[in-house]
Amino acid sequence: MILLHSLRRLAAVAGLVGLAAASAVRADSVNTRELQVRELASGVYTIRHPDPTDDFPDGNTTVVVGEREVLVVDTCYLPSSADADIARIRQWTDKPVRWVVNTHWHNDHVGGNHRYRLAWPGADVVGHEETRRMIAARVPSYVRRFLMPDSTFGRQRETLRRTVDSGIDEKGKPVDAAARKAAAESLARLERARSEFGSIVIEPPTVTFETGLRIDLGGRIVELKHLGRGNTGGDVVAWLPKERILVAGDLVDHPVPYAFGGYPGEWIATLDRLAALDPLVVVPGHGEVLRGKGHIERVAALLRDVRRQVNDVVDRHGGSYPLEEVQKAVDLGAARRAFAGDDPDNGEFFDASMASLIRVLHAEARAR
Ligand SMILES: [Zn+2]
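Just so it is clear, the structure is predicted and the values come from calculations on it, not from any experiment.

Remarks on the overall build of the protein chain
Okay, so step 1: The secondary structure content of the protein chain amounts to twelve helices and 13 strands.
Okay, so step 2: The principal-axis extents of the C-alpha atoms in the protein chain amount to approximately 55 × 55 × 40 Å.
Okay, so step 3: Restricting the contact set of the protein chain to residue pairs at least 6 apart, pairs at least 24 apart contribute 68%.
Okay, so step 4: In the structure as shown, the protein chain presents an accessible area of about 15100 Å², 51% of it carried by carbon and sulfur atoms.
Okay, so step 5: Charged side chains of the protein chain number 49 positive and 51 negative; the gap between the two group centres comes to 1 Å.

Focus: the pattern of salt bridges
Note that side chains of opposite charge can pair when their charged atoms are close.
Okay, so step 1: Per the counting criterion, the structure on display carries 28 salt bridges.
Okay, so step 2: The salt bridge involving Glu243 is made with Arg220; its shortest N-O contact spans 2.9 Å. Of the two residues, Glu243 sits in the loop between strand S10 (237-240) and strand S11 (245-247) while Arg220 sits in the loop between strand S8 (212-216) and strand S9 (221-225), which places them 23 residues apart along the sequence. Grouping residues by exposure puts Glu243 and Arg220 together as buried.
Okay, so step 3: Glu266 is the salt-bridge partner of Arg229, the closest N and O atoms lying 2.7 Å from each other. With Arg229 in the loop between S9 and S10 and Glu266 in helix H8 (residues 264-276), this residue pair connects regions lying 37 residues apart in the sequence.
Okay, so step 4: Beyond isolated ion pairs, a larger network of salt bridges with shared partners links Arg157, Glu158, Arg161, Glu191 and Arg194.

Looking at the coordination of the zinc ion
Okay, so step 1: Looking at the zinc ion, one finds its protein donor set to be Asp108 (OD), His109 (NE2), Asp250 (OD) and His286 (NE2), positioned 2.1 to 2.2 Å from the metal centre.
Okay, so step 2: The site at the zinc ion holds four donor atoms, and with the angles between them running 84 to 163°, its shape is irregular.

So, the confidence of the model for the protein chain
Okay, so step 1: Of all residues in the protein chain, 92% have pLDDT values of 70 or greater, and the mean over the chain is 91.
Okay, so step 2: Across the protein chain, the element-wise mean pLDDT spans from 35 in helix H1 (residues 2-14) up to 99 in strand S4 (residues 70-73).
Okay, so step 3: With pLDDT under 50 throughout, residues 1-27 is counted as low confidence; its partners more than four residues away or in other chains account for 95 contacts.

Topic: the pairing of S9
Okay, so step 1: Bridge analysis of S8 against S9 gives five bridges, and the strand direction is antiparallel. Along S9, the bridge assignment pairs Leu213 with Leu224.
Okay, so step 2: Linking two consecutive strands that pair antiparallel, namely S8 and S9, is a turn of four residues; a positive phi of about 95° is found at Gly218 within it.
Okay, so step 3: Where S9 lies against S10, three bridges are found, and the strand directions are antiparallel. What sits directly across from Lys225, in S10, is Val237.

A short note on the nonpolar core
One broad rule of soluble globular proteins: the nonpolar side chains tend to lie buried together.
Okay, so step 1: One finds Val252, Leu271, Leu274, Val306, Val310 and Phe350 to be the most contacted residues of the largest nonpolar core, which totals 40 residues.
Okay, so step 2: Among the elements of the structure, S10, H8, helix H9 (294-317), helix H11 (333-340) and helix H12 (344-366) are those that each provide at least two residues to this core.
Okay, so step 3: Considering each element in turn, this core owes the most residues, nine residues, to H9.
Okay, so step 4: In this view, Phe350 contacts Val256, Leu302, Leu332, Ala335, Arg336, Phe339 and Ala340; residues no more than four positions away in its chain are not counted.
Okay, so step 5: Of all hydrophobic cores here, the second largest spans 21 residues; its members include Leu40, Val101, Ile245 and Val281.

About the cut-offs
Each chain has its residues counted from 1, following the order in which its sequence is written. pLDDT decides what is reported in this predicted model: residues at 70 or higher carry local features, side-chain atom pairs at 80 or more are listed and counted, and totals for whole chains, interfaces and linings draw on all residues regardless. Hydrogens and waters are ignored; side-chain quantities use all the structure's heavy atoms. Every helix listed is a DSSP run of H or I at least four residues long, and every strand listed is a run of E at least two residues long, numbered separately from the N terminus. Two residues qualify as a contact provided that any one of their heavy atoms is within 4.5 Å of a heavy atom in the partner residue. Note on areas: these come from Shrake-Rupley sampling with a 1.4 Å probe, and a residue is covered only by the protein chains present in the view. Positive charge is attributed to Lys and Arg, negative charge to Asp and Glu, and no charge count is given to His or to the chain ends. Throughout, a charge is located at the NZ atom of Lys, the CZ atom of Arg, the CG atom of Asp or the CD atom of Glu. One speaks of a salt bridge when a side-chain nitrogen belonging to Lys or Arg is within 4 Å of a carboxyl oxygen belonging to Asp or Glu. Exposure is judged per residue with a 1.4 Å probe applied to protein chains only, and the accessible area is read against the type maximum: over 50% gives exposed, under 20% gives buried, and values in between give partly exposed. Counted as donors are N, O and S atoms no farther than 2.8 Å from the metal, or 3.2 Å for Na, K and Ca; water is not among the atoms, and sites may therefore look incomplete. Labels for metal geometry use angle windows, namely 85 to 135 degrees for all angles of a four-donor tetrahedral site, and for square planar (four donors) or octahedral (six donors) sites opposite donors over 155 degrees apart plus all others within 65 to 115; sites meeting none of these are irregular. Per-residue confidence from the predictor is reported as pLDDT, a score between 0 and 100. Strand pairing is defined by DSSP finding a minimum of two bridges between the two strands. Buried Ala, Val, Leu, Ile, Met, Phe, Trp, Tyr and Cys residues that are joined via side-chain atoms within 4.5 Å together make up what is termed a nonpolar core.

Here is the structure:
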C-alpha cells in the first residue's frame, strides 16, 4: 500500500502525520475516501474527511454551535477541505465562527486556519502556546519541502507520473489498467495538494494559553484543556461539560493509536486524565466517533503494557542490549488483534506505530 509505506517513511522523516482508521469490528480501513458528517448533539457536528493525498490523512473537524457564536475544532490539511466545511457550517447556522481551536500543530489539523479567518474576520485561532510556536516553526518548512522536486513528495510525484504516462512502475515492471488508473488518481490528489500549498497562508493561533480556557458560546460552554503532553508538547482537548462530549485530537486515534514521536511516557498519565472526565462521546483526532471512555482506557493499558515489557527487557539484559532485540522481545500479538483486527492496512500501521513507541520507550529506559 502506498499509503502505509509512505506514511512510515513520512512519519520517520517529517515527524508528522496522524492516522485514521476505524473499528476493527466494523472493518474500516486506514484509507478513507468518504466524507462522513455526524450530529453528536443538537448543534454539535463532527466531520470526517476523505484522505487528501495517499500520504496524508485529514483530521476530524468538530463544529459547536452556541446561541451567539460558533466554535470549530481543527481545520484540515488543505485549505479547500476547510472551504467545504465552511460551506457546510453556513448551511447549519447563520451564527459566526468566533473560535477556531487547534488541538495540536500537525498539518492535518491546522491547514485551513486562514480560510476561517477569511470567512469570519472576527474569528480567533486558539491553541496552546507550544502549538503556536510549532506551527510557526515547522509548518512552513513542511510546505517548502512538499514543493521541492527532490523531496520525498517530488520523487513520488515523478514515479506516479511515469506510471501514468508509460504504464511502468518504479521497478520498471508493467502495471495493469486498474493500477494505472489508481496511480492517476493518486497523482491528481498530489497535484491538488501541490497547487494549494503554492499559495497557502500558515496562520498560527492568535490566542494562546498554557493550562485551559473556558469559552461561553451563548447557552453552551466549551472548556479547552491542556491535560498534559502526549502526541505533541501542546495537546489541547475540547470538553463540553454539559453534553459530556470530548474532542480529543490525536491523543486518541481510532482504531490504531498514533505513537510516532511525542511524549509516550507522559501520554499515559494524560490519557488517564481524559478518561477521568468520563465522557459519553469521544471524537478522536482520526477515525470513528466513539461511545464512552473504553477506547481511551484500552490505549492507556496498551502503553503501560509495552512500557513494562520494554523496561523488563532492559532490566534483564542491560542498557546496551540492541533495540532490534528489544523490538523482537515485546509481545504485541493480542494487542495487534484487538486494535487492528483483520485489516492488513490497520495491522501494518499498528506495527509501525508500535515500533516507533518501543524505540522511544527503549531510549527512556536506557537513560535511567
Ligand atoms: Zn492528525
